[in-house]
Amino acid sequence: MYSTSHLHFKVPRSSLIKFIKRLQTLSSTNYLKLDSNQKTINSIRQNTEVSSSHLTPEIKLHLITSAISNGSTPFEFENYNNEDPFWGFYWPGGQVLSRYILDNANFFKNLSIIDIGCGCGATAIAAAKSNSKKVIANDSDAIACVATAMNAEINQVEVEILHGSILGEKNIPWDCILMGDMFYEEIQSSHTIDWLDYLIEQGKRILIGDPGRLPIQKYKGANFNLSRRTVHFSTNACVTESHQSYLTNLQNQRKIELIKQYTNFSYDHITPEIGLHLITKDSEAWTWKQSEIQLRDPFWAFYWPGGQALTRYVLDNPQEFENKSVLDVGCGSGATSIAVARAQALEIVANDCDIDACIVTALNAELNGVNLRISQENFIGNANIPWDCILVGDMFYNDEICSVIFKWLKDLSSQHKKIFIGDPGRLKGRNFEFKENLKLLKTYRLKEDTFIENDTFVNANVLAFM
C-alpha cells in the first residue's frame, strides 16, 4: 500500500538512481529465513487462515476472513504503527488482475514483471505461475512483503521481494508493470497516472486492476491514451468473464445441454481449422420451427458468411492482431474470437448481448483449446472503449443498425483504432454515411452450402474502416 508521501516526482534524477540502488531484492524463500521477520511470520499465521474462496481459487492466500476477524481487525504487530493490515484482504482490483493473468498466461511468459503495491502477493504469484522470466513483488509495507513471501511459499512459487517505494522512478528495468487496486486517493491517482504515462512512452507494458475507483475519463489525456496497445485496463471485474466461468455457472447448465442437443460440431466451412457447434443439415433441429426450440432465436448456431470471411482473414493474417487488444462485436458463435486468440493477441473479448451466444462461444472456445474473455455489455455507441482493434462480422441487416454502428465506428477510427468488417454484400443495399471510408481488403469464395443458405451470397468481403 502506498500513500502520496512515497511519490518522487520532485526528487532529482541522480537522487532517484541512488534511491533505487538502495532497494535490494531477496527471494521469497530467503525472505522468510530472516531473523527480523520471524515474529511477523508467527503473527500472520496466528491471525489469518489460508483461503481459496475468491476469484482465483488456484491461489491459496493467508487472509483475514470473516471467520477470523469477526468484523474487526484487532491485530498488533511490532512496528506496525496502528495501520490496518490491508495485506490480509484480497481486494477486488487485485482479484480481477490476477484472474486475467492466469487466463492469459502466454502473454506473460518470459517477461520480467514487477507487481507494485503487491499486498498479499496474489498478482505476483499469478505471474510466477505463468512462467514469467522474473517476478518482483514490491510493497512499501514490510508486513505485506512478509505476507507475500509466505503466500508464495504455500503456492510453491518463487518471487523476488522488493521492500520500499519505487513510484516515480523512471529507470525501472522490468518489461511489465502490474498494479492492482491502488487508486484510493485522487492526488495519488493523478501522480501515478503521470508516471505510468512516462513508462508507456518508454515501451513498458502496464496492466491495472481496478473495480471502479479509477475515473478513467478524467485521466484520459493526450499522452495517456486508453487505446495504446501497451496498456490494458481491467476496470470492472463484472464487465468480462473467462469463458470457463460461463461453462461452470450452474444457471447455464440447462442451456449448455440444449445447445449440445440442437447442434453438431462442424468443420464444414471456409475456416476448417475451427470447429463450431452449429445447426447444420445433419442436425435434428434443422427442420424444426422456432417454437419447437427451447432457446430464443438461435442466430449463434449459424456461421454467417461475413463472419466466415472475417475469421478466414484473421487466420490468414495473424500478424495484424498479434500483441493487440481486440473486441469482437456481435461474436455469435465466437469463431472470429477464436481465430484472434490463435493469433496471439494481447487480449480478445468476445462480445454479444445475447446470453446464448456467449454460452456457445464459451463452448466453442473450450473445444478449440483457447482462452477467451466474454462480455454481454452493449458497447455499440461507447467511444471510450480501450481495445486497439474492433471486429464486426455480418451485422448490417437494416439501415437503422448500419447508421448506428457506422457512427460509432467513425468515432473509434478517429482514435486510430483498427476496424475490420466482414460482409457478404448486405452493405451495398444499405443507406448510411461513411461508405467512402470502407476499403476492400479481401474477397473470399463461400462454400456452396453457405451461399445456398444465405440469400445466394457467393462471396464475402473483408473491409477496413479507414
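What you see is a predicted model; the values in this text were computed from it and never measured.

Undergrad: Looking at this model, I keep getting lost on the packing of aromatic side chains. Mind explaining?
TA: Aromatic ring pairs are reported here in terms of the distance separating the ring centres and the angle at which the planes meet. Within the structure shown, the criterion is met by 10 aromatic pairs. Here Y313 and F420 contribute two aromatic rings whose centre-to-centre distance is 5.9 Å and whose plane-to-plane angle is 35 degrees, an arrangement assigned as tilted. Here Y313 is found in helix α11 (residues 305-316), whereas its partner F420 is found in strand β17 (residues 418-423), with 107 residues between them in sequence. For F420, a relative accessible area of 4% corresponds to the buried category. Note on F321 and F420: the rings are 5.2 Å apart at their centroids and 55 degrees apart in plane angle, and the pair reads as tilted. Taken together, the positions of F321 in the loop between α11 and β13 (325-329) and F420 in strand β17 put the pair 99 residues apart, joining distant regions of the chain. On the basis of relative accessibility, which here comes to 0%, the residue F321 falls in the buried class. Ring pairing ties together the aromatic residues F302, W304 and Y397, which thus form one cluster. Residue placement shows K170 over the ring face of Y198; its charged tip is 4.8 Å from the ring centre.

Undergrad: Could you clarify how one ought to interpret helix α7 (residues 142-154) in this entry?
TA: Two residues of an α-helix separated by three or four positions point the same way, owing to the 3.6 residues in each turn. The end-to-end C-alpha separation of α7 is 19 Å, in line with the 18 Å expected for 13 residues at 1.5 Å each. With 10 of 13 residues buried, α7 is to be regarded as a mostly interior element. Within the sequence span of α7, burial applies to I143, A144, C145, V146, A147, T148, A149, M150, N151 and A152. Along its buried surface, α7 packs onto α2 (28-31), α3 (38-47), β3 (61-63), α6 (122-129), β5 (134-139) and β6 (160-163). Of the residues flanking the start of α7, the one acting as N-cap is D141, its side-chain oxygen 3.0 Å from the backbone nitrogen of I143.

Undergrad: Can you help me understand the environment of A124 in this one?
TA: On the secondary structure map, A124 appears in helix α6. Under the relative-accessibility criterion, A124 is labelled buried at 0%. Each C-alpha atom of the pair A124 and A137 lies 5.8 Å from the other, and the pair is 13 residues apart in sequence. The residues contacting A124, other than those within four sequence positions of it, are D115, V135, A137 and V159.

Undergrad: Please explain the sheet that holds strand β10 (residues 241-242) as it appears in this structure.
TA: Either a parallel or an antiparallel arrangement is found when strands of a sheet pair, and the pairing is made through backbone hydrogen bonds. Taken together, eight strands build an open sheet; the order of strands is β10-β15-β14-β13-β16-β17-β19-β18 and the sheet is mixed. Both edges of this open sheet fall to β10 and β18 (438-445), since each of them pairs with a single strand only. Pairing of β18 with strand β19 (residues 459-465), which is carried by seven bridges, proceeds in the antiparallel orientation. Within β19, the position partnered with K439 by the bridge is A464. Against the sheet, helix α14 (residues 399-413) engages β13, β16 (389-393), β17, β18 and β19, with an angle of about 150 degrees to β17.

Undergrad: Is there a simple way to explain unusual backbone geometry in this structure?
TA: A negative phi angle is the norm for most residues apart from glycine, just as the trans form is the norm for most peptide bonds. Unusually for a residue other than glycine, D181 sits at a positive phi of about 60 degrees. By relative accessible area, D181 is classed as buried at 4%. Backbone geometry at Q344 places phi at a positive 60 degrees, although glycine is not the residue there. By the secondary structure assignment, Q344 is in the loop between α12 (335-342) and β14 (347-351).

Quick notes on the rules
Residues numbered from 1 in each chain as written. Predicted model: local features only at pLDDT ≥ 70, side-chain atom pairs only at ≥ 80, totals over all residues. Heavy atoms only, no water. Phe/Tyr/Trp six-rings, centres within 6.5 Å; stacked < 30°, edge-to-face > 60°. Helix = DSSP H or I, 4+ residues; strand = E, 2+ residues; numbered from the N terminus. Buried < 20%, exposed > 50% of the residue type's maximum accessible area, 1.4 Å probe, protein only. Lys NZ or Arg CZ within 6 Å of the ring centre and 35° of its normal. Expected span 1.5 Å × (residues − 1). Contact = heavy atoms within 4.5 Å. Polar contact = N/O pair within 3.5 Å; in protein donor to acceptor, adjacent residues only side chain to side chain. Pairing = 2+ DSSP bridges. Axes fitted to C-alpha atoms, helices over the stretch in contact; angles between N-to-C directions.

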